[in-house]
Amino acid sequence: MSTMFADTLLIVFISVCTALLAEGITWVLVYRTDKYKRLKAEVEKQSKKLEKKKETITESAGRQQKKKIERQEEKLKNNNRDLSMVRMKSMFAIGFCFTALMGMFNSIFDGRVVAKLPFTPLSYIQGLSHRNLLGDDTTDCSFIFLYILCTMSIRQNIQKILGLAPSRAATKQAN
Amino acid sequence: MSGGRRKEEPSQPQLANGALKVSVWSKVLRSDAAWEDKDEFLDVIYWFRQIIAVVLGVIWGVLPLRGFLGIAGFCLINAGVLYVYFSNYLQIDEEEYGGTWELTKEGFMTSFALFMVSVTENATAGCVISQSSQFFRGSPLIVTLCDLPTVFPRLLRLEGLS
């Protein structure tokens, strides 16, 4: 039982390390390049400009104004697409590293109950939370479920702390 | 005071995209603070949610508060506390930020995931402590308070990963 708590802490630590590794790889391959910096600055500038324009536009705005906004949106979409293409390099590298790492961790923690959940998960989540575990106690937590929860919470916070998260305006316009 | 109108203040410096300088936190508890930069205010809401998630995770895990009641309780408290903060205390004009829903959504899913991690950690610690306790086999809270000095070293003993 005492190893369970140690496993829980270890998985949180692994999650922090893998999040830092992912950001590190992305920084080396993407963030420090001039092309990325230029594109990102351009996208943020255009997003903020477009957002301000959309706030001030009224129903009775002229056709020319609306066409101008459409042109700006198109330009922003193209820049966003270019930004995604630049990020693709790091995504492949991260995907490759993480596939290897996850294979290793899955074999280390295979069949181990790493935590006790304070609730019984829904049936379609139990396939993940109780993966490869013996017994019928559905509050037993497997490595992969806890790792996913940790990654969901820790990765975005690390990106925000390091100042690497995309701006809200850019995210909004990209969606 | 009309909604959203505040006296002018020099804008506070902010690190890029989400990190906050110490000076921003000095504005957080002042109900008369001016929030010139919308992103800065949204970042404060975001980090407040993360702090609430960790704190509630510790409390829920130690009590323990189990089941979906605990999860629902977290959602209500998280949304409710921040709503009271920005609506009643700061008296922010929600429409400037896209409405109450946008402010409620800000950082909610990340805080939920963080809450789940925090409560799982503490619930696991509670289980381990209550199993190892020589004195109580009842509430992990009581066990935690009485036995921590003797149990904690055993708690962290690593017996290998295999």
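Preceding block: the structure.
Residues numbered from 1 in each chain as written. Chains lettered and ligands numbered in written order. Predicted model: local features only at pLDDT ≥ 70, side-chain atom pairs only at ≥ 80, totals over all residues. Heavy atoms only, no water.

1. Observations concerning the state of the cysteines
Logical step 1: Here the structure, examined in full by the defined rule, presents 0 disulfides over all chains.
Logical step 2: No disulfide involves Cys97 of chain A; its nearest neighbouring cysteine sulfur is the one of Cys17 of chain A, lying 14 Å away. (Disulfide = S-S within 2.5 Å.)

2. Describing a positive patch on the surface
Residue and element names in this part refer to chain A.
Logical step 1: Among the surface-exposed residues, Lys45, Lys49, Arg63, Lys67, Lys68, Arg71 and Lys75 lie close enough to one another that they form a single positively charged patch.
Logical step 2: Elements represented by at least two residues in the positive patch include exactly helix H2 (34-56) and helix H3 (63-108).
Logical step 3: Examined against the element boundaries, Arg63 turns out to sit in helix H3.
Logical step 4: Arg63 sits in the exposed class, given a relative accessible area of 68%. (Patch = residues over 30% accessible without salt bridge, like charges linked within 9 Å, V, L, I, M, F, W, Y side chains within 5 Å. Areas by Shrake-Rupley, 256 points an atom, 1.4 Å probe, with all protein chains shown as cover. Salt bridge = Lys/Arg side-chain N within 4 Å of Asp/Glu carboxyl O. Lys, Arg positive; Asp, Glu negative; His and termini not counted. Charge placed at Lys NZ, Arg CZ, Asp CG, Glu CD. Helix = DSSP H or I, 4+ residues; strand = E, 2+ residues; numbered from the N terminus. Buried < 20%, exposed > 50% of the residue type's maximum accessible area, 1.4 Å probe, protein only.)

3. Here's the deal with the layout of surface pockets
Logical step 1: Looking at the second largest pocket, its volume works out to about 240 Å³.
Logical step 2: For the second largest pocket, the lining is made up of 14 residues, of which Phe119, Ile125 and Phe145 of chain A together with Phe112 and Met116 of chain B are closest to its centre.
Logical step 3: Of all the secondary-structure elements, those providing two or more residues to the lining of the second largest pocket are helix H4 (123-129) and helix H5 (143-162) of chain A together with helix H3 (67-89) and helix H5 (108-132) of chain B.
Logical step 4: For the lining of the second largest pocket, the element with the highest residue contribution is H5 of chain A, accounting for 4 residues.
Logical step 5: Residue classes in the lining of the second largest pocket are distributed as 14 nonpolar, no polar and no charged. (1 Å grid on protein atoms, 1.4 Å probe; cavity = no way out; pocket = protein on both sides within 12 Å on 5 of 7 lines; lining within 4 Å. Points joined across faces, edges and corners; volume = space filled by probe spheres on them. Nonpolar A, V, L, I, M, F, W, Y, C, P; charged D, E, K, R; others polar.)

4. Observations concerning a nonpolar patch on the surface
Residue and element names in this part refer to chain B.
Logical step 1: The grouping of Trp25, Ile51, Val55, Ile59 and Leu63 at the surface amounts to a nonpolar patch, some 410 Å² of accessible area in total.
Logical step 2: The leading source of residues in the nonpolar patch is helix H2 (residues 38-62), at 3 residues.
Logical step 3: By secondary structure assignment, the location of Ile59 is in helix H2.

5. Quick notes on H5 of chain A
Residues and elements named next belong to chain A.
Logical step 1: Compared with an ideal rise of 1.5 Å per residue, which puts 20 residues at 28 Å, H5 spans 27 Å between its outermost C-alpha atoms and is within 8% of the ideal.
Logical step 2: At Thr151, H5 is bent by approximately 25°, the largest bend along its length.
Logical step 3: Gly163 occupies a position one or two residues after H5 and carries a positive phi of about 75°. (Expected span 1.5 Å × (residues − 1). Bend = angle between axes of the 7 residues up to and from the residue.)

6. Quick word on the pattern of salt bridges
Logical step 1: According to the stated counting rule, one finds 6 salt bridges over all chains in the structure shown.
Logical step 2: A salt bridge links Arg112 of chain A to Asp7 of chain A, with the nearest nitrogen and oxygen atoms 2.8 Å apart. You can see Arg112 of chain A sitting in the loop between H3 and strand E1 (115-116) and its partner Asp7 of chain A sitting in helix H1 (residues 2-31), a full 105 residues away along the chain.
Logical step 3: For Arg112 of chain A, a relative accessible area of 15% gives the class buried.
Logical step 4: We note a salt bridge from Asp43 of chain B to Lys160 of chain A, for which the minimum N-O separation is 3.5 Å. With one member in each of two chains, Asp43 of chain B in helix H2 and Lys160 of chain A in helix H5 form a pair that bridges those chains.
Logical step 5: The class of Lys160 of chain A is buried, set by a relative accessible area of 8%.
Logical step 6: Each of the salt bridges in this network shares a partner with another, and the network as a whole consists of Lys116, Asp137 and Asp140 of chain A.

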